[in-house]
Amino acid sequence: MPLSKRFLKCEHLRLRRDFARVLGGKCKAADAVLVVYAAQNGLAFSRIGISVSKRIGNAVSRHYVKRRIREAFRKNKADLPGGLDIVCVARPRAADGRTDISDSLMTLVVRASQRLNLRVPPGA
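Remember, it's a predicted structure, so these values are computed and weren't measured experimentally. Each chain carries its own residue numbering, running from 1 in the written order of its sequence. Under the rules for a predicted model, residues below a pLDDT of 70 receive no local features and side-chain atom pairs below 80 are neither given nor counted, while totals for whole chains, interfaces and linings still include all residues. Based on all heavy atoms of the structure, the side-chain values leave hydrogens and waters out of the count.

(A) Representation of the packing of aromatic side chains. Side-chain rings of Phe, Tyr and Trp (the six-membered ring for Trp) are treated as a pair once their centres are within 6.5 Å; stacked means planes under 30 degrees apart, edge-to-face means over 60, and tilted covers the remaining angles. One pass over the structure, following the stated rule, counts one aromatic pair. When the ring of phenylalanine 7 is compared with that of phenylalanine 73, the centres are 5.7 Å apart and the planes differ by 80°; the resulting orientation is edge-to-face. A residue pair is termed long-range when its members are at least 10 positions apart, and phenylalanine 7 in the segment before helix 1 (16–24) and phenylalanine 73 in helix 2 (residues 59–76) qualify at 66 residues. The helix count covers DSSP runs of H or I at least four residues long, the strand count covers runs of E at least two residues long, and both are numbered beginning at the N terminus.

Here it is, written out as C-alpha cells:
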C-alpha cells in the first residue's frame, strides 16, 4: 500500500492536551451520526482523534465504530483540508452498519474548517 494511503502514527491525536485544545476551540459541526471538532495545528497534514462513548454499546460495537471512522479518514485524507486537528465524537446512530460515516465525516470536516477561516481573532 502506498505511503499516502496508509494511516500513519503521526496522523493520530493521542495526548489529552491535544484533545483538550481541539475541544476547547469550540469550532464544531454536527449531524445525526458524528460531532466533529476542529482546530488548526500548524502542520502540513491533518490529524484525527476519535471518541466513542459507552452510549454506543459494548466494547465490540465501540471498536467497530472507531475502525469505520479511522477508515473513512484514511480513504479521504487527500481530499480533506490540511493543517487541522480533528476530534470525532460518535453518536449512537454511527453504530448502525448501514450509516455512511465517510460522507458524514467529509461534510462535517469541510464545514468546521470553513468556520475556522471565518473566525476573527480577538482584538482585531
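(B) Quick peek at the environment of aspartate 103. Relative to the assigned elements, aspartate 103 resides in helix 3 (residues 101–118). When a residue's accessible area, from a 1.4 Å probe over protein chains only, is under 20% of the maximum for its type it is buried; when over 50% it is exposed; and in between it is partly exposed. The partly exposed category is assigned to aspartate 103, whose relative accessible area is 46%.

(C) Molecular detail of the pattern of salt bridges. Salt bridge criterion: a side-chain nitrogen from Lys or Arg within 4 Å of a carboxyl oxygen from Asp or Glu. Per the counting criterion, the structure on display carries five salt bridges. Salt-bridge contacts for aspartate 96 lead to arginine 98; the nearest nitrogen and oxygen are separated by 3.3 Å. Residues joined by salt bridges that share partners form a network here, namely Arg21, Arg47 and Asp85.

(D) View of the nonpolar core. Only buried residues count toward a nonpolar core, which is a set of Ala, Val, Leu, Ile, Met, Phe, Trp, Tyr and Cys residues joined through side-chain atoms within 4.5 Å. Residues Leu34, Val36, Ile69, Ile86, Ala90 and Leu105 are the most contacted members of the largest nonpolar core, which totals 27 residues. Of all elements in the fold, only strand 2 (34–40), strand 3 (47–51), helix 2, strand 4 (84–90) and helix 3 reach the threshold of two or more residues within this core. Element by element, the count of residues in this core is highest for helix 3, at seven residues. Counting seven residues, the second largest nonpolar core, distinct from the first, contains Leu13, Phe19, Val35 and Ala39.

(E) Unusual backbone geometry, seen in detail. Positive phi, close to 60°, is recorded for lysine 26, a residue that is not glycine. Topologically, lysine 26 is positioned in the loop between helix 1 and strand 1 (28–30). What makes lysine 26 exposed here is its relative accessible area of 65%.

(F) Helix 2, seen in detail. Here, expected helix span is obtained from the residue count minus one, scaled by 1.5 Å. The end-to-end C-alpha separation of helix 2 is 26 Å, in line with the 26 Å expected for 18 residues at 1.5 Å each. Turning to helix 2, its buried residues number three or more, namely Ser61, Val65, Arg68, Ile69, Ala72, Phe73, Arg74 and Asn76.

(G) Structural context of the side chain of serine 113. Here serine 113 shows up in helix 3. Judged by its relative accessible area of 10%, serine 113 is buried. Any two residues whose heavy atoms approach within 4.5 Å are treated as being in contact. For serine 113, the contacting residues outside a window of four places in its chain are Pro81 and Leu84.

(H) Representation of helix 1 in the model. Looking at helix 1, one finds that the buried residues are Asp18, Phe19 and Val22. In a view along the axis of helix 1, the buried residues occupy a sector of 100°, so they form one face of it. In helix 1, the exposed residues that point more than 90 degrees away from the buried face are Arg16 and Arg17. Looking at the packing, one finds that the buried side of helix 1 touches strand 2, strand 3 and strand 4. Of the residues trailing helix 1, lysine 26 is marked for its positive phi of about 60°. Here, the arc refers to the directions that run from the helix axis to the C-beta atoms.

Don't take any of this as a statement about function, it's just geometry.
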